[in-house]
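For reference, the chains in residue letters:
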Amino acid sequence: MSEEANKKQYSADSIQALEGMEHVRMRPSMYIGDVGVRGLHHLVYEVVDNSIDEAMAGHCDKIDVIINEDNSITTQDNGRGIPVDLHKKEGVSALEVVMTKIGAGGKFDKDSYKVSGGLHGVGVSCVNALSSKLKATVYRDGKIWEQEYERGKTLYPVKSVGESDETGTIVTFVPDSTIFTQTTEYSYETLCNRMRELAYLNKGVTITITDKRNKDEKGEYIAETFYSEEGLKEFIKFLDGTREPLIQNVISMEGEKNGIPVEVAMVYNTGYTENLHSYVNNINTHEGGTHLSGFRRGLTSTLKKYADNSGMLDKLKFEISGDDFREGLTAIVSVKVAEPQFEGQTKTKLGNREVTSAVSQAVSEMLTIYLEEHPDDAKQIVEKVKLAAQARHAAAKAREMVQRKNPMSVGGLPGKLSDCSEQDPTLCEVFLVEGDSAGGTAKQGRNRHFQAILPLRGKILNVEKAMQHKVFENEEIKNIYTALGVTIGTEEDSKALNLEKLRYHKVVIMCDADVDGSHIETLILTFFFRYMRELIEGGHVYIATPPLYLLKKGAKKRYAWNDKERDAINAEMNGGASIQRYKGLGEMNAEQLWDTTMNPEFRKLRQVQIDNATESDRIFSMLMGDEVPPRREFIEKNAVYANIDA
């Protein structure tokens, strides 16, 4: 594209201001989801989205993200640079319009961007509004341009501060601590996960992230560079690297159907879980939508046709369902849609109907060719489908058992459950407690009005390595389902959860603060992630954090949750405090357990959130799957204390 054509396509006139941004600071959660950890990181994603838009339009191949020493963020790209010439309608520089008007941006002008990730046009102006300071530097038209802002207000008109032949945009911002009151500290790991994801979704773009708050052994800043040559094909290898493959090849395709760019990669493993990840314009649509429906339709019809024609299903006495074709499947579907329609403001479920047939056709063509060229792989896949169908029928019977009332229980509830008297689920909480001993203490120490206790015997089943009917047959898991009051999905959607009858809106996992306790926590979380993900996504799952130490000196008594707190409290007591290390919940009496771990006024609950579904999927499969080396490496890198015996 010539430079002259470039300028015509992306100039001040391309920028359209749709609405004001006065109440962004008043209602920040409407724009970025929340003002906690997730919303804080969302600011970075919004700025990086602008650079990715430039990359998708073919004008950028390098993006840098820097966490500065003061927790401010700097992003830099080598795109065309945000236009700085006069915006005719607004009467100020286009850069100022982009930075200070909600809904302003080139993405609303079809000549500037065919597709875009910042779908509601909130983008960088929202980041500006929620930052105490922001500085934009633009390299464009042979000059370096600059403008600074405080809480969204411009400090001076856009000015030229130098000359340069380079092009691109640099944005540095400081999150406003009066908005983000919980924390303004960025997680390097969280940002890394998203940058890695973006590199896989946009092959050929180099994305570097640097943490200037920390240095490695060589005295250099912690940094990682992400670059993908093969895109989703590499992404699927990364995601499924901790699972045992059923077939050695990645089935993949990239092309355009009905004017919609479609990219798909999939592989089968020997496990029992289905892991589908979908993206629209780089945004993870964790609720799915029409592109995922198209993938499922194309996969099921093509595989069924092949299996029928091969005669491998002739002796099967029952029908194969769509679920059977997806057991042990890991797949990524990525589409680029010019005018995406989403259900809800969270941009998580695609509604464009035309995308269904486009993806279905693409998957059907891809699979047909692959199955014909790889008959051995095709046979293994069909054999796995048959086994899945047999297991599904067994699971249906087990599911019926879960839904039936246990004659030994009261009112259909598990006999071990000590229920609360409050009837309003929004006010109720249930503690899943490790062991009968701690369960007994918790029952004595709780507030019976709104707190219920369900003791769990030992370690529950590792669902990552279990067939579905084994999961539903497990006694402890049946008790969890029954106690929570939720119903399990139908055969067609076997893991869909109906939360309408959820009896407690806080589900608290309470285990010992040791290695065994952590393992039990992880087993329960794996079960929730694989079979009750809606519970986590609805914000209902929490982890209790009992203290590790009790310090006494004279009449004074203090609790500490980690070694640092212990040392600080001991110093406050002028040393010499007697220190008791709690090995488990059972060592506390009922009063101590209430004071430290169950009392809403003083306890420390950690809410379980899914920040990145694909990375969560990978971590759970690594921790709870069969492959030992990656698990060992992860534990050695992350454990505060670890007795590795894997």
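Residues numbered from 1 in each chain as written. Predicted model: local features only at pLDDT ≥ 70, side-chain atom pairs only at ≥ 80, totals over all residues. Heavy atoms only, no water.

## Observations concerning the overall build of the chain
- Of the regular secondary structure elements, the chain holds 20 helices and 24 strands.
- A total of 646 residues make up the chain; the buried ones form 55% of that total.
- For the chain, the proportion of contacts with a sequence separation of at least 24, taken over those separated by at least 6, is 70%.
- Of the roughly 29500 Å² that the chain leaves accessible, carbon and sulfur atoms contribute 47%. (Helix = DSSP H or I, 4+ residues; strand = E, 2+ residues; numbered from the N terminus. Buried < 20%, exposed > 50% of the residue type's maximum accessible area, 1.4 Å probe, protein only. Contact = heavy atoms within 4.5 Å. Areas by Shrake-Rupley, 256 points an atom, 1.4 Å probe, with all protein chains shown as cover.)

## A few points about the side chain of Thr169
- Relative to the assigned elements, Thr169 resides in strand S7 (residues 168–175).
- A relative accessible area of 9% means that Thr169 is categorised as buried.
- Engagement of the side chain of Thr169 in a polar contact is seen with the backbone nitrogen of Ile82, the distance being 3.3 Å.
- Not counting residues up to four positions away in its chain, the partners in contact with Thr169 are Thr75, Gln76, Asp77, Gly81, Ile82, Thr137 and Val138. (Polar contact = N/O pair within 3.5 Å; in protein donor to acceptor, adjacent residues only side chain to side chain.)

## Considerations on the confidence of the model for the chain
- Averaged over all residues, the pLDDT of the chain equals 86, while 86% of them reach at least 70.
- Across residues 405–410, where pLDDT falls below 50, the model places three contacts with residues more than four positions away in sequence or in other chains.
- Note on residues 639–646: pLDDT under 50 across the span, and eleven contacts to partners over four residues away in sequence or across chains. (pLDDT = per-residue confidence, 0-100.)

## What about the nonpolar core?
- Met266, Tyr268, Phe295, Leu299 and Val335 are the most contacted members of the largest nonpolar core, which has 53 residues in total.
- Residue contributions to this core peak at nine residues, all from helix H10 (residues 354–373).
- Residues Tyr31, Val44, Ala55 and Val65 belong to the second largest nonpolar core, which totals 48 residues. (Core = buried A, V, L, I, M, F, W, Y, C linked by side-chain atoms within 4.5 Å.)

## Focus on the packing of helix H3 (residues 37–56) against helix H6 (residues 188–201)
- Taken N-terminus to C-terminus, the directions of H3 and H6 make an angle of 25°; their axes are 11 Å apart at the nearest point. Taken together, H3 and H6 sit at an angle that is classed as roughly parallel. Crossing handedness for the pair H3 and H6: right-handed. The segment H3 lies against H6, with His41, Val44, Tyr45, Val48, Asp49 and Ile52 engaging Thr190, Leu191, Arg194, Met195 and Leu198.
- Among the residues making up the contact of H3 with H6, the classes are represented as seven nonpolar, two polar and two charged. (Axes fitted to C-alpha atoms, helices over the stretch in contact; angles between N-to-C directions. Parallel < 35°, antiparallel > 145°, perpendicular 65-115°, else oblique. Left-handed = near helix turned anticlockwise from the far one by under 90°. Nonpolar A, V, L, I, M, F, W, Y, C, P; charged D, E, K, R; others polar.)

## Considering the packing of aromatic side chains
- The tally for this structure, following the rule as stated, stands at nine aromatic pairs.
- Ring geometry for Phe529 against Phe620: centres 4.8 Å apart, planes inclined by 25°, an arrangement best described as stacked. Residue Phe529 is found in helix H15 (residues 515–531), and its partner Phe620 is found in helix H19 (residues 613–624); the two are separated by 91 residues along the sequence. Each member of the pair, Phe529 as well as Phe620, carries the same accessibility label: buried.
- Taken together, Phe472, Tyr481, Phe527, Phe528 and Tyr531 form an aromatic cluster joined through their ring pairs.
- The lysine or arginine in question, Arg566, covers the ring of Tyr549, its NZ or CZ lying 4.9 Å from the ring centre.
- Sitting over the face of the ring of Trp561, Lys604 holds its NZ or CZ atom 4.2 Å from the ring centroid. (Phe/Tyr/Trp six-rings, centres within 6.5 Å; stacked < 30°, edge-to-face > 60°. Lys NZ or Arg CZ within 6 Å of the ring centre and 35° of its normal.)

## Re the sheet that holds strand S21 (residues 549–553)
- Read across the open sheet, the three strands follow the order S22-S21-S23; overall the sheet is antiparallel. The outermost strands of the open sheet, each flanked by one partner alone, are strand S22 (556–560) and strand S23 (578–581). Sheet twist, expressed as the average angle between the axes of neighbouring strands with direction ignored, equals 20°.
- As paired elements, S21 and S22 share five bridges and run antiparallel to each other. (Pairing = 2+ DSSP bridges.)

## Brief notes about the sheet that holds strand S19 (residues 506–510)
- Spatial strand order, S16-S15-S19-S20-S24: five strands in an open sheet with mixed pairing. Where the open sheet ends on each side, the last strands, each with one partner, are strand S16 (451–456) and strand S24 (605–607). Here the average twist between neighbouring strands, direction ignored, is 25°.
- Where S19 lies against strand S20 (residues 541–544), three bridges are found, and the strand directions are parallel.

## As for the side chain of Thr596
- You can see Thr596 is positioned in helix H18 (residues 590–598).
- On the basis of relative accessible area, Thr596 is assigned to the buried category, the value being 1%.
- Reaching out from Thr596, the side chain makes a polar contact with the side chain of Thr597 at a distance of 2.8 Å.
- With near-sequence residues (within four places) excluded, Thr596 lies in contact with Pro547, Tyr559, Trp561, Met588, Arg603 and Lys604.

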